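What follows is the residue order along each chain.
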Amino acid sequence: MKDTFKHKGLRQQLVTVLIAKGIEDEAVLKAIGNIPRHLFMDSSFLDHAYQDKAFPIAADQTISQPYTVAFQTELLQVKKGDKILEIGTGSGYQAAVLCELDAKVYSIERQQELFKKTSKFLPKLGYRPKKLIFGDGYKGLKEEAPFDSIIVTAGAPFIPKPLLSQLKIGGRLVIPVGGDVQVMTLIIRKGVKEFEKHELGDFRFVPLLEDKN
Ligand code: SAH
């Protein structure tokens, strides 16, 4: 597990690419500049770790494209100490970004292999989410609700109701919604029954699947 000057240099180039693509949040850019993304990927992909691309990880899943991670994180408007639920832990990269922003991170993964691997891996890098859960993200995490924000990192065919009800008033849900192509959707909870919806362009994620394997 090495992080060299070469990796650091490549990371700064990646940050420059993200700025050129429109990412503005300094804290998000700093987090991406700090996190050794190459360590979240299988070794055969090491050379590609700092390209702005998604890549395969274990269990037929992917580590999201850095631009997508930055775009979704920016939409959350994370403040220090925010309680955030992530659906789709995967490699743990997005969770690491949220930890860098000093959020209290809860993250759910339905693939046991990834859940185990990432649970061991994140603390080795010094990232300590409050809780990693092996379970079904469609249900959210009722026992820890309400959340300041919820981020879904897999393509959802529809917006799961429990995620809406587990948001604080003023809280934000960022979720890609659709089939083969998904529309990035930001929901802001304005009142107990009042939700504001913003649609922010097309993305492609692996699907949010029902029930754990
Ligand atoms: N945030 C991850 C992205 C992983 S890809 C990262 O930074 O690497 C999406 C992840 O969502 C996959 O690991 C997949 O197994 C998981 N997933 C799919 N359906 C799910 C569900 N219903 N509940 C929880 N996780 C789910």
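Computed from a predicted structure; not experimentally measured.

Asks: Can you explain the pattern of salt bridges? Please cite residues and give values.
Replies: Summed over all chains, the structure comprises ten salt bridges. Lys 168 is the salt-bridge partner of Asp 148, the closest N and O atoms lying 3.1 Å from each other. Here Asp 148 is found in strand 6 (residues 147–152), whereas its partner Lys 168 is found in strand 7 (residues 167–178), with 20 residues between them in sequence. Among the residues examined, Lys 168 registers a relative accessible area of 31% and is labelled partly exposed. Taken together, the shared-partner salt bridges in this structure form one network comprising Lys 83, Lys 131 and Glu 144.

Asks: Got a sec to walk through the packing of aromatic side chains? Specific residues and values, please.
Replies: Inspection of the entire model under this criterion finds seven aromatic pairs. A centroid spacing of 5.5 Å and a plane angle of 90° characterise the contact between Phe 40 and Tyr 93, whose relative ring orientation is edge-to-face. Note that Phe 40 is positioned in the loop between helix 2 (26–34) and strand 1 (55–56) and Tyr 93 in helix 4 (residues 93–100), a separation of 53 residues in sequence. Per residue, the accessibility class of Phe 40 equals that of Tyr 93, and both read buried. Grouped by ring-pair contacts, the aromatic residues Phe 40, Tyr 93 and Phe 121 constitute a single cluster. Above the plane of the ring of Phe 5 lies Lys 8, whose end atom (NZ or CZ) is 5.5 Å from the centre. If you follow Arg 37 out to its NZ or CZ, it ends over the ring of Tyr 93, 5.8 Å from the centre.

Calculation criteria
Residues numbered from 1 in each chain as written. Predicted model: local features only at pLDDT ≥ 70, side-chain atom pairs only at ≥ 80, totals over all residues. Heavy atoms only, no water. Salt bridge = Lys/Arg side-chain N within 4 Å of Asp/Glu carboxyl O. Helix = DSSP H or I, 4+ residues; strand = E, 2+ residues; numbered from the N terminus. Buried < 20%, exposed > 50% of the residue type's maximum accessible area, 1.4 Å probe, protein only. Phe/Tyr/Trp six-rings, centres within 6.5 Å; stacked < 30°, edge-to-face > 60°. Lys NZ or Arg CZ within 6 Å of the ring centre and 35° of its normal.

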